[in-house]
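Residue-level structure breakdown
Residue strings, one per chain:
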Amino acid sequence: MNEDEPRYGWVVVWAAFVSLALIFGVAYSFAAFFESFGAEFSARRADVSLVFGLSGLIYFVLGAAGGMLADRFGPRSVCSAGMLCVAGGLLATSFAHSMSMVYLAYGVGIGVGIALVYTPAIGCVQPWFTRRRGFAAGIASAGIGAGTVVVPLLAAQAILAFEWRGALRVLALGALLVGVAATWLLRRAPAAGAAGGVRPGLTLAEALRSPRFWWLYLATVTAAPTMFIPFAHASAAARDLGVSDARAVGLVGLIGIGSLFGRFAIGGLADRLGRTLTLALMQASMAASYLLWQAAGGYAALAVFALWFGLSYGGIVSLLPAICMDMFGARAVASIIGTLYTGAALGNLLGPVVAGEVFDRSGSYAPVIWGCIALSAVATAASARLLRARAPAY
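Not measured: the values here are computed from a predicted model. (Residues numbered from 1 in each chain as written. Predicted model: local features only at pLDDT ≥ 70, side-chain atom pairs only at ≥ 80, totals over all residues. Heavy atoms only, no water.)

**Here we look at the overall build of the protein**
Using the following cut-off: Helix numbering and strand numbering both begin at the N terminus, where a helix is a DSSP run of H or I of at least 4 residues and a strand a DSSP run of E of at least 2. Contacts: residue pairs with any heavy atoms within 4.5 Å of one another. We get accessible surface area from the Shrake-Rupley algorithm with a probe of 1.4 Å; when it comes to residues, only the shown protein chains can shield them. Asp and Glu are treated as the negative residues and Lys and Arg as the positive ones, with His and the ends of the chain left uncounted. By convention, the charge on Lys lies at NZ, on Arg at CZ, on Asp at CG and on Glu at CD.
Counting secondary structure elements, the protein contains 15 helices and zero strands. Intrachain contacts of the protein at a sequence separation of at least 6 include 85% that bridge at least 24 residues. Surface summary for the protein: the accessible area is close to 15,400 Å², and the carbon and sulfur share equals 68%. Placing the 25 positive and 15 negative side-chain charges of the protein at their respective mean positions leaves the two points 9 Å apart.

**Overview of the packing of aromatic side chains**
So the rule is basically this: Stacked, tilted and edge-to-face are the three classes applied to pairs of Phe, Tyr and Trp rings, where Trp contributes its six-membered ring and a pair requires centres within 6.5 Å; stacked means planes under 30 degrees apart, edge-to-face means over 60, and tilted covers the rest. The classification of residues rests on relative accessible area computed with a 1.4 Å probe and restricted to protein chains. Under 20% of the type maximum is buried, over 50% is exposed, and intermediate values are partly exposed. Here, over-ring charges are defined by two tests on the NZ atom of lysine or the CZ atom of arginine: distance to the ring centre within 6 Å, and angle to the ring normal within 35 degrees.
For the structure on display, the rule yields 24 aromatic pairs. Ring centres of F213 and W214 lie 5.1 Å apart, and the angle between their planes is 90°; this geometry places the pair in the edge-to-face category. Both rings, one in Y290 and one in F305, keep their centres 5.8 Å apart while their planes meet at 85°; by these two values the pair is edge-to-face. Remark: F305 occurs in helix α12 (residues 299-328) and Y290 occurs in helix α11 (residues 275-295); sequence separation between them is 15 residues. In terms of burial, Y290 and F305 fall into one category: buried. Three or more aromatic residues link up through ring pairs in this structure, and these residues are Y290, W293, F305, F309, Y313, F359 and Y365. One Lys or Arg, R76, reaches over the ring of W184 and ends 4.9 Å from the middle of that ring. Sitting above the plane of the F95 ring, R169 keeps its charged end 4.4 Å from the centroid.

**A word on the environment of A223**
Considering the arrangement of structural elements, one finds A223 in helix α9 (residues 211-240). Distance from A223 to R385, taken between C-alpha atoms, is 15 Å for residues 162 residues apart in sequence.

**Re helix α14 (residues 345-362)**
To keep things clear, this is the line we draw: Here the expected length of a helix is defined as 1.5 Å per residue gap, with one fewer gap than residues. To get the bend at any residue, fit one axis to the seven residues that end at it and another to the seven that begin at it, then take the angle between the two axes.
Helix length check: α14 (18 residues) gives 26 Å between terminal C-alpha atoms against 26 Å at 1.5 Å per residue, within 8%. Of all bends in α14, the biggest is about 35°, found at G351, and the proline P352 comes one to four residues later. For α14, the full list of buried residues reads A345, G347, N348, G351, P352, A355 and G356. Phi turns positive one or two residues past the end of α14, at G363, with a value near 75°.

**Considering unusual backbone geometry**
The backbone of E163 shows a phi angle near 65°, a positive value even though the residue is not glycine. Residue classification places E163 among the exposed residues on the basis of a relative accessible area of 61%.

**Let's talk about a nonpolar patch on the surface**
Going by this rule: Within this analysis, patches are made of residues with over 30% relative accessible area and no salt bridge. Like charges are joined at 9 Å or less; nonpolar side chains (Val, Leu, Ile, Met, Phe, Trp, Tyr) at 5 Å or less. Take a side-chain nitrogen of Lys or Arg and a carboxyl oxygen of Asp or Glu: if they are within 4 Å of each other, that pair is a salt bridge.
Judged by side-chain polarity, V18, L84, L173, L176, L177 and V178 come together as a nonpolar surface patch covering roughly 510 Å² of accessible area. Broken down by element, the residue count for the nonpolar patch peaks at four residues, all from helix α7 (residues 133-183). You can see V18 is positioned in helix α1 (residues 8-28). V18 gets classed as partly exposed once you look at its relative accessible area, which sits at 31%.

**A look at the environment of A219**
As for its position among the elements, A219 is in helix α9. According to the relative accessible area criterion, A219 is buried, its value standing at 1%. Those residues within four positions of A219 in sequence are excluded, and the remaining contacts are Q283, A379, A382 and S383.

**Brief notes about the side chain of S19**
Basically, it comes down to this: In protein, a polar contact means a hydrogen-donor-capable atom and an acceptor-capable atom, both N or O and within 3.5 Å, with residues adjacent in sequence counting only if both atoms are side-chain atoms; elsewhere, any N or O pair within 3.5 Å suffices.
Inspection of the secondary structure puts S19 in helix α1. Overall, the relative accessible area of 0% leaves S19 in the buried class. Looking at S19, its side chain comes within polar contact range of the main-chain oxygen of A15, at 2.8 Å. Once you skip the residues sitting within four places of it in the chain, S19 turns out to touch M83, V117, A182, T183 and L186.

**A short note on the nonpolar core**
Note the threshold: Here, the term nonpolar core denotes a set of buried Ala, Val, Leu, Ile, Met, Phe, Trp, Tyr and Cys residues that are joined through side-chain atoms within 4.5 Å.
F37, Y106 and Y118 are the most contacted members of the largest nonpolar core, which has 116 residues in total. Ranked by residue count, the leading element in this core is α12, at 15 residues. Look past the residues within four positions of Y118 in its chain and what remains in contact with it is L20, I23, F24, F60, I144, V317 and Y341.

**What to know about the packing of α9 against α12**
Keep this limit in mind: All axes are obtained by fitting lines to C-alpha atoms, using only the stretch in contact for helices, and the reported angles, taken between N-to-C directions, cover 0 to 180 degrees. Here the word oblique covers every angle except those under 35 degrees (roughly parallel), over 145 (roughly antiparallel) and from 65 to 115 (roughly perpendicular). For any helix crossing, the convention is left-handed if the near helix is rotated counterclockwise from the far helix by under a right angle, and right-handed if that rotation is clockwise. Three residue categories are used. Nonpolar comprises Ala, Val, Leu, Ile, Met, Phe, Trp, Tyr, Cys and Pro, charged comprises Asp, Glu, Lys and Arg, and polar comprises the others, including Gly.
The geometry of α9 relative to α12 is characterised by a closest axis approach of 11 Å and an angle of 155° between their N-to-C directions. As the angle between them shows, α9 and α12 are arranged roughly antiparallel. Crossing handedness for the pair α9 and α12: left-handed. Where α9 abuts α12, its residues R212, F213, L216, T220, T226, M227, P230, F231 and A238 lie against L302, F305, F309, Y313, I316, V317, L320, I323, C324, M327 and F328. Its residues assigned to classes, the contact of α9 with α12 shows 17 nonpolar, two polar and one charged.

**Let's talk about the packing of α11 against helix α15 (residues 366-385)**
At a minimum axis distance of 9 Å, the contact between α11 and α15 shows a crossing angle of 170°. By the angle class used here, α11 and α15 are roughly antiparallel. Contact with α11, carried on its side by T276, L279, A280, Q283, A284, M286, A287, Y290, L291, W293 and Q294, involves A366, I369, W370, C372, I373, S376, A379, T380, S383 and A384 of α15 and no other residues of that element. Its residues assigned to classes, the contact of α11 with α15 comprises 15 nonpolar, six polar and no charged.

**Regarding the side chain of T339**
Take T339: it is sitting in helix α13 (residues 333-341). Judged by its relative accessible area of 14%, T339 falls in the buried class. At 2.8 Å, the side chain of T339 forms a polar contact with the backbone oxygen of S335. Leave out the neighbours within four places in its chain, and T339 touches A64, L204, L208, F213 and Y217.

In short, geometric facts, not functional conclusions.
Below, the structure written as structure tokens:
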């Protein structure tokens, strides 16, 4: 074991894995409750969909605040508070008697909870590692993919057994017991120093004055629509080609499987090849995967697209926190990661909505696909520019 990489670091990695699996499993379990919310409250699909968009907007925008709190008070207390918010949001939703209460409890409550867990948990991992930072970050962020695949399936089974209100209470109990147990294992790395002490690296303000941060932010902003649109529209595109409902919905699962592989494999590769170079290659790979979507004439091509896209997406998500640590150090790493993730907020909220509007007007996803390829080209160029930008001193 490398002396710069203490053994407890791997406990933190797997605690972050479980924490991220639970919060994003809950977030993506929304699809399992979609029909129940619509039927219970006689709500239109657009009204129900807004719950998911609201939650995503909140956790991306407030991720910076979550990171700042973790830098000040430590990841254990902040992430545990966030997990309690997630459990409370699920429980409150189970008592909802209107869509307004669902917006407040599920959209806002769970959104705030995820914001307090996501950035602090993934930011906590980076300072524990040097040589294997990319691999460790990949394992931790793989929890997102694992949760996306597993928790919605468990939620669907719980709905069958206990109806939707009971299923929400089961998820709340899981967040309370499993989630808080995982977040309680998160600990600040020795390299990051004690809470309130001076730690090596840049402050958030110093990072924001660095050109490297803004190139990375540009890459995040321009990649975001490409990263989120397939989750909302790949299944619909498959149905347009005559693919059965089961196979069409299964494409999202294939994206999750590709993402899992990407987070493990690409993180390890990046430790050898260089994390910034690998980020640029993954941005280009994600753009190239859309060419296959454009050419797809049936399920087989779409399945390959889903796996390819998922691998690229997973690789990008696993690399961003490690690159922040490489560039700016441990001093305010969670705050910096959270601020960077605000760039994904509008892509998460508006990307799928704009794609749907374009399809409704044109009757085709082709303009969406070419638009995403163009945006990904900008993201690739911005990522490549990091290779030439001067590193800030700290």
